[in-house]
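Examining the three-dimensional arrangement
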Amino acid sequence: MSRKKIALVGGGQIGGILALICAQKELGDVVVIDIPEAEGMVKGKALDIMQARPHDGYDSDLSGSGDFSDLKDADVVAITAGVPRKPGMTREDLLATNLNIISNVAENVKKFAPEAFVIVVSNPLDAIVYAFHKVSGFPKNRVVGMAGALDNARFRTFIAMETGMSVQDVSCIVMGGHGPTMVPLIRTATVGGVPLTDILSRKEIDAIVTRVQEAGTELVKLYGKGSAFFSPAAAITEMIEAYLKDKKRVIPSAAFCEGEYGIDGYFIGVPAVIGAGGVERILEVELTEQESNLLGSTLEKVKATVAETGL
Ligand code: APR
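Before going into details, it helps to say that this report is about the structure given with it. All values derive from a computational prediction rather than experimental measurement. (Residues numbered from 1 in each chain as written. Predicted model: local features only at pLDDT ≥ 70, side-chain atom pairs only at ≥ 80, totals over all residues. Heavy atoms only, no water.)

**Quick notes on the nonpolar core**
With 90 residues, the main nonpolar core has Leu-71, Val-77, Ile-79, Ile-119, Phe-132 and Ile-240 as its most contacted residues. For this core, the two domains that each supply at least three residues are domain 1 (5–145) and domain 2 (148–309). Other than its neighbours up to four places away in sequence, Ile-79 contacts Val-9, Ile-102, Val-105, Val-118, Ile-119, Val-120, Val-121, Ser-122 and Phe-132. Counting residues in hydrophobic clusters, the runner-up holds 18 residues, among them Phe-158, Ile-159, Met-182 and Val-191. (Core = buried A, V, L, I, M, F, W, Y, C linked by side-chain atoms within 4.5 Å. Buried < 20%, exposed > 50% of the residue type's maximum accessible area, 1.4 Å probe, protein only. Domains from an automatic or database assignment. Contact = heavy atoms within 4.5 Å.)

Following this line, the structure appears as structure tokens:
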């Protein structure tokens, strides 16, 4: 059986780490594609990782390219092409630049990898994944945005840190747009099946929720230039693996809703089943009135950014 082909469009901070993790997990051969000016950089990263392989003994091949034709017949395409935030910027501030970039990338993915499962990561996520879908014309099950996987991991991380219990046993759902209006569903949070509300006080939980909503911004401030990259790369890998291994993982993802949660025609964070069919199903949680209202507010925010794309 030949290996799967994983194409990473954008070989910057996230793309480089993502290439390393995909190779370490032997998910497939990895090609990292960037703009022609950055071809040396991505060729360098690929060659560098190739030379790390003997230590752990993984056999995935890596290459770098400045040419979109190297997307050819990729099984999975993960897109981080674009600019990241600097301190003081919102994700929405990136829209004009990243919209131009995604339009060009979408044309090329359509041309060279028309059967791929595409994971969009560039921000503002919910609008950029929408733009990819519009420009490429890909079916909705083969286009998804990576945001919820990371927001969920952040929620799990802070719960584990606050309770002092294993992150492995923490489970929860985060819905909505990728930004401060996201909706961590507190009543779904459990540690080893025990409701979080039985372990922490409401005040402690509220503090965690606020930190989750601002987690990306906390990192932007700490880094001083650029945004999170280790955790997004790990989150993308989880989605790639779910697809390639047909795992039917339930991962909060920016999926195209057509009636689910009363949302029509937008990508937004919802619990999605990811397997060989891509986004195979969206799970509908019965929401309380308060949760519904919060989802309504985050949807308004997503709609406003999508409207700015003019698509
Ligand atoms: N085609 C391919 N690659 C591109 C293009 C393009 N048209 N335009 C820019 N790039 C590349 C850049 O050359 C750079 O190598 O995208 C890469 C982006 O890398 P970084 O600047 O290091 O950004 P990163 O931290 O990886 O984040 C990428 O993900 O989380 C989001 O907000 C973040 O939008 C940002 C994206």
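**What to know about the site of the ligand**
In the vicinity of the ligand, 21 residues are found, and the nearest of them are Gln-13, Ile-14, Asp-34, Thr-80 and Asn-123. Gly-82 places a main-chain nitrogen or oxygen 3.4 Å from an oxygen atom of the ligand. Between the ligand and Val-83, the relevant distance is 3.1 Å, taken from an oxygen atom to a main-chain nitrogen or oxygen of the residue. Relative to its unbound accessible surface of 730 Å², the ligand loses 86% to contact with the protein. The set of elements that each furnish at least two residues to the shell around the ligand consists of helix H1 (13–24) and helix H4 (95–112). In the shell around the ligand, the residues fall into 11 nonpolar, 9 polar and 1 charged. (Near = heavy atom within 4 Å. Polar contact = N/O pair within 3.5 Å; in protein donor to acceptor, adjacent residues only side chain to side chain. Areas by Shrake-Rupley, 256 points an atom, 1.4 Å probe, with all protein chains shown as cover. Helix = DSSP H or I, 4+ residues; strand = E, 2+ residues; numbered from the N terminus. Nonpolar A, V, L, I, M, F, W, Y, C, P; charged D, E, K, R; others polar.)

**Quick look at helix H10 (residues 289–309)**
Three or four residues apart is the spacing at which side chains of an α-helix point the same way, because the helix has 3.6 residues per turn. Here H10 spans 31 Å end to end across 21 residues, near enough to the 30 Å set by a 1.5 Å rise per residue. Of all the positions in H10, only Glu-291, Leu-295, Thr-298, Leu-299, Val-302, Thr-305, Val-306 and Thr-309 are classed as buried. End-on, the buried residues of H10 take up no more than an arc of 125 degrees, which puts them together on one face. Across from the buried face of H10, at angles greater than 90 degrees, the exposed residues are Glu-289, Gln-290, Ala-307 and Glu-308. Turning to H10, the residues buried within the fold contact H4, helix H5 (125–136), strand S7 (170–175), strand S8 (183–191) and strand S11 (264–275). At the C-terminal side of H10, Gly-310 shows a positive phi close to 70 degrees. (Expected span 1.5 Å × (residues − 1). Arc of directions from axis to C-beta.)

**A few points about the pairing of S7**
For S7, the buried fraction is high: 5 of the 6 residues fall into the buried class. Two strands pair when backbone bridges link them, and S7 and S8 are joined in this way by 5 bridges, in the antiparallel orientation. For Met-175, the partnering residue across the bridge sits in S8 and is Val-183. (Pairing = 2+ DSSP bridges.)

**A look at the packing of aromatic side chains**
Across all of its chains, the model carries 6 aromatic pairs by this definition. Residues Phe-117 and Tyr-243 carry aromatic rings whose centres are separated by 4.4 Å and whose planes lie at 20 degrees to one another, so their mutual orientation is stacked. Linking Phe-117 in strand S5 (residues 117–120) with Tyr-243 in helix H9 (residues 230–244), this pair joins segments that are 126 residues apart in sequence. The class for Tyr-243 is buried, based on a relative accessible area of 14%. With a centroid separation of 5.5 Å and 35 degrees between ring planes, the pair formed by Tyr-223 and Phe-229 is classed as tilted. For Tyr-223, a relative accessible area of 36% puts it in the partly exposed group. When its relative accessible area of 12% is taken as the criterion, Phe-229 is described as buried. Members of the aromatic cluster, connected to one another through ring pairs, are Tyr-223, Phe-229 and Phe-230. Taking the ring centre of Phe-138 as reference, the NZ or CZ of Arg-142 above it sits at 4.9 Å. (Phe/Tyr/Trp six-rings, centres within 6.5 Å; stacked < 30°, edge-to-face > 60°. Lys NZ or Arg CZ within 6 Å of the ring centre and 35° of its normal.)

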